[in-house]
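Letter by letter, the chains look like this.
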Amino acid sequence: MKIRTRYAPSPTGFLHIGGARTALFNYLFAKHHNGDFILRIEDSDNLRNIANGEKSQIENLLWLGITPDEKPGSITEFGPYRQSEKLTRYQKLAENLVKKGFAYYAFDNQEELGLQRKSQIEKGIFSFRYDANWLKISEEEKEKRYKNRRFVIRFKVNKNKNYCWNDLVRGNICFEGSSISDWVIIKSDGFPTYNFAVVIDDFDMKISHIFRGEEHISNTPKQIEIYNAFQWDIPKFGHLTIITDKNGKKLSKRDKSLLQFVEDYKNQGYHSEAFFNFLALLGWTSPDSQEFFDHDSLIKAFDYKRLSKAPSYFDVEKLNWFSKSYISKMSPDEILSNLKLSNDSNWNRFFVETFQKSTIKYVDFYKNFEFFQNPKQEMEPQMIEILESLDQRPIEIFAKKIDYKNWDAKKINNLIKEIGQSLQIKGKELLLPIRLATTWANSGPELARTIWLLGKKVIEKRLLKWK
Ligand code: GLU
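What counts as what
- Residues numbered from 1 in each chain as written.
- Predicted model: local features only at pLDDT ≥ 70, side-chain atom pairs only at ≥ 80, totals over all residues.
- Heavy atoms only, no water.
- UniProt positions renumbered as here; feature names shortened; annotations may be inferred.
- Helix = DSSP H or I, 4+ residues; strand = E, 2+ residues; numbered from the N terminus.
- Rg over C-alpha atoms; globule rule 2.2 N^0.38 Å.
- Buried < 20%, exposed > 50% of the residue type's maximum accessible area, 1.4 Å probe, protein only.
- Contact = heavy atoms within 4.5 Å.
- Areas by Shrake-Rupley, 256 points an atom, 1.4 Å probe, with all protein chains shown as cover.
- Lys, Arg positive; Asp, Glu negative; His and termini not counted.
- Charge placed at Lys NZ, Arg CZ, Asp CG, Glu CD.
- Near = heavy atom within 4 Å.
- Polar contact = N/O pair within 3.5 Å; in protein donor to acceptor, adjacent residues only side chain to side chain.
- 1 Å grid on protein atoms, 1.4 Å probe; cavity = no way out; pocket = protein on both sides within 12 Å on 5 of 7 lines; lining within 4 Å.
- Sits in = over half its atoms within 2 Å of the grid points.
- Nonpolar A, V, L, I, M, F, W, Y, C, P; charged D, E, K, R; others polar.

Looking at an unreviewed UniProt entry, one finds the protein chain named Glutamate--tRNA ligase and attributed to Mesomycoplasma flocculare ATCC 27399. We quote the UniProt Catalytic activity (unreviewed entry) comment for the protein chain here in full: "tRNA(Glu) + L-glutamate + ATP = L-glutamyl-tRNA(Glu) + AMP + diphosphate".

What follows is the structure, encoded as structure tokens:
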């Protein structure tokens, strides 16, 4: 049997970290077994769909390096890959279940359901259980409601059965049938509900394994009922644990203090492979605690048995560290081309080499680029204050001895060293006065390189008063 997995987002939002991680684990599992990974769009709740939701899902997966073998638009025996394109299939199969006695039409309107709910609450039953025998209306009225399509189709749950599965992440899980109410499979607008459509899709697409968020655990028994009713083989399920913030709380899309959409990270210029690597460690570990994996070695190493049962913490610092490590290992040419800077210019190359070891994301390159291309016209008062409090001798010697004719970073560096030796000072004592006087900042990458990048014109002007 070919391993086939899928990621099935609803296009109700952009690609979220949680969704990306679900997609990644499905992808890694499929690829580890030479299987297929499918992207399917669950757009049957079209009121909640947003413009560009589908586009964001696909584009950001591709950015991460997760390329689906099949996706909306693919012509195969398994498609279509958007639920909205197969409504009649769901309806036909639902009718089929009605005919076989597994499902039935239910004609209650909202008001009647409200009354049913209320009478249950009065009896102390707080989670609503649909009672198929509750609605007392005439056959004539039923007929009328049927004609006006004022009905839903509900699945008749066998209350005497238990629904169990061996979860790939959590082991054995069981639900009692008596805890599940007869649930809607086709809504009054003719659209299927998620729990019904998802089974048809997974069957049609021959999905063998499903990794998804733990919020779907309570949906699984309902889905198993549908597989049983059609006598279809049940895929294997694995429910992933939640992703938390630093306070141990589940990430909430409403929390604005943390960027949670993949495109936020993409737009800031995080390294995509670093993000891919980082995501994989959100709930998965390698047996020897190795952390750095490129795309292919992760596929090779991935073993679902090492998926974590405990929540995983989305640690931005760790992501930053990954991104920085990946960027520092890139070739300057690759960075120049990503920055759309010419690789013929010495200055450009020197700039990239100077900053790449300390850069987390591309916006940082841009910010630094600005610093040199549009140098400040005035020094900030705080910086002046610090500068005035420091020993001025290193600056005086530097201003006198700097060689503007042979503008060379190594020479500048040697001069700084010499000054240190002659004044018998080193470290901050030596560097900070020169740094402040030349770069007008109290921190930055290697000083001689920064001075070189600022250029002789700027430096000469800034050092005038020490000459
Ligand atoms: N559309 C569902 C979601 O976004 C998919 C659930 C599933 O994988 O079965 O959560």
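After that view of the structure, there is still more to cover.
**So, the overall build of the protein chain**
Helices and strands together make up the secondary structure of the protein chain, namely 20 helices and 11 strands. In terms of overall dimensions, the protein chain is more spread out than a globule: its C-alpha atoms have a radius of gyration of 31 Å, far above the 23 Å expected for 467 residues. Taken along its principal axes, the extent of the C-alpha atoms in the protein chain is 105 × 50 × 35 Å. In the protein chain, which comprises 467 residues, the share counted as buried stands at 51%. Nonlocal contacts in the protein chain, meaning residues at least 24 apart in sequence, comprise 73% of its contacts between residues at least 6 apart. For the protein chain, the exposed area adds up to about 24,200 Å²; of that, 50% sits on carbon and sulfur atoms. The positive charge centre, built from 73 side chains, and the negative charge centre, built from 61, are 1 Å apart in the protein chain.

**Focus on the site of the ligand**
Residues in contact with the ligand, as listed here, are Arg6, Ala8, Ser10, Glu42, Tyr194, Val198, Arg212 and His216. Here an oxygen atom of the ligand and a side-chain polar atom of arginine 6 are 2.5 Å apart. Histidine 216 is positioned such that a nitrogen or oxygen atom in its side chain is 2.8 Å from an oxygen atom of the ligand. Notes on the ligand: free accessible area 300 Å², of which the protein chains cover 79%. Applying the majority rule of atoms within 2 Å of the grid points places the ligand in the largest pocket. The residue makeup of the shell around the ligand, split by class, is three nonpolar, two polar and three charged.

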